[in-house]
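Below, each chain spelled out in residue letters.
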Amino acid sequence: SSGINAEYGGFPEACRRMTQYLGSLGQLDTRSIVLDMGCGEGTPALTMAKQFGCKVVGVDVVANNIASAKKFQAEESSRLNVHFHEANFFNLPAQIKYEMFTHVWAQVSFFHNHAHLRKCVDVAASMLKSGGTFILVDYYGPRHPVFTRDTTKKAPDMEEYIQTVKDAGFDIIIQEDASRHFLAGTTCLRKIAGEEKNQVEMNFYDGRISSIKEKLIGMVIIIAQKK
């Protein structure tokens, strides 16, 4: 997994490698039907569809993210079985609710909802068929302004993530502290900010790098199976 670190290709390549790594851990293949909760601008969804040949349904509450995702999909040379919807995790449209998903994917999306972590994981469980796989990668750590939007809520630590996933009816297959990948990706972004002489971003990433090194914040990977 050390190959995730993007010495060549910068941050976008690091993100692609992380998606491929997670997809391999979660055993995605051409029979997989994936719900991407918090798909952002769609890069992971498009990457996994290309890499593994799976069907992906991407959901994000931000209209601009979905517009960008659809634009990126339109620019793809190959036809991919990917569908993007503007929707809230907690109020999914009927056409998504009744799909039988083999996998639910949450790549750095639940941290916006740390106060509702169990609710997010319960949605993931409800969308999976029995024996389905939950692929989670997210930030962990104590309350920290460089890291979570709502600084009044304490971010869960790694143990709380693991326990919450277990309590929601999953068996943990893989748990991994992925903080070294988080550090590598942040270091890439700091380098870009330095090259662009963007002082605000340089300060932000310097703060994040020191927080990761001090183990105040980190990144967790969990692969779990619905009972």
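In the block above lies the structure referred to throughout.
In this report, the structure presented in the accompanying data block is examined. Quick caveat, the model's predicted, so the values are computed rather than measured.

### What about the sheet that holds strand β3 (residues 82–86)?
Read from one edge of the open sheet, seven strands run β3-β2-β1-β4-β5-β7-β6, paired in mixed fashion. At either end of the open sheet lies a strand with only one pairing partner, and these are β3 and β6 (170–177). Each strand axis lies, on average, 15 degrees off the axis of its neighbour in the sheet, ignoring direction. Examined bridge by bridge, strand β1 (residues 33–37) and strand β4 (residues 101–107) share three bridges and lie parallel to one another. Directly across from Asp-36, in β4, lies its bridge partner Trp-105. Here helix α3 (residues 63–75) sits on the sheet and contacts β2 (55–60) and β3; the angle it forms with β3, its principal contact strand, is near 160 degrees. Its contacts with the sheet put helix α5 (residues 117–127) on β1, β4, β5 (128–140), β6 and β7 (218–226), and the angle it makes with β5 is roughly 150 degrees.

### Concerning helix α7 (residues 179–195)
Spanning 17 residues, α7 covers 24 Å between terminal C-alpha atoms, matching the ideal 24 Å at 1.5 Å per step. The positive-phi residue at the C-terminal boundary of α7 is Lys-197, with phi of around 55 degrees.

### Examining the pattern of salt bridges
Enumeration according to the criterion identifies 11 salt bridges in this entry. Arg-16 is paired through a salt bridge with Glu-13; the nearest N and O atoms lie 3.1 Å apart. Placement of both Arg-16 and Glu-13 in helix α1 (residues 10–25) is noted, with a separation of three residues, approximately one turn of the helix. Relative accessible area serves as the criterion here: at 33%, Arg-16 is assigned to the partly exposed category. The partner of Arg-190 in a salt bridge is Asp-206, with the nearest N and O atoms 2.7 Å apart. Here Arg-190 is found in helix α7, whereas its partner Asp-206 is found in helix α8 (residues 199–213), with 16 residues between them in sequence. Note on Arg-190: relative accessible area 21%, which makes it partly exposed. Given a relative accessible area of 34%, Asp-206 falls into the partly exposed group. When salt bridges that share partners are traced, they join Glu-13, Arg-16 and Arg-17 into one network.

Reading the values: rules and limits
Residues numbered from 1 in each chain as written. Predicted model: local features only at pLDDT ≥ 70, side-chain atom pairs only at ≥ 80, totals over all residues. Heavy atoms only, no water. Pairing = 2+ DSSP bridges. Helix = DSSP H or I, 4+ residues; strand = E, 2+ residues; numbered from the N terminus. Axes fitted to C-alpha atoms, helices over the stretch in contact; angles between N-to-C directions. Contact = heavy atoms within 4.5 Å. Expected span 1.5 Å × (residues − 1). Salt bridge = Lys/Arg side-chain N within 4 Å of Asp/Glu carboxyl O. Buried < 20%, exposed > 50% of the residue type's maximum accessible area, 1.4 Å probe, protein only.

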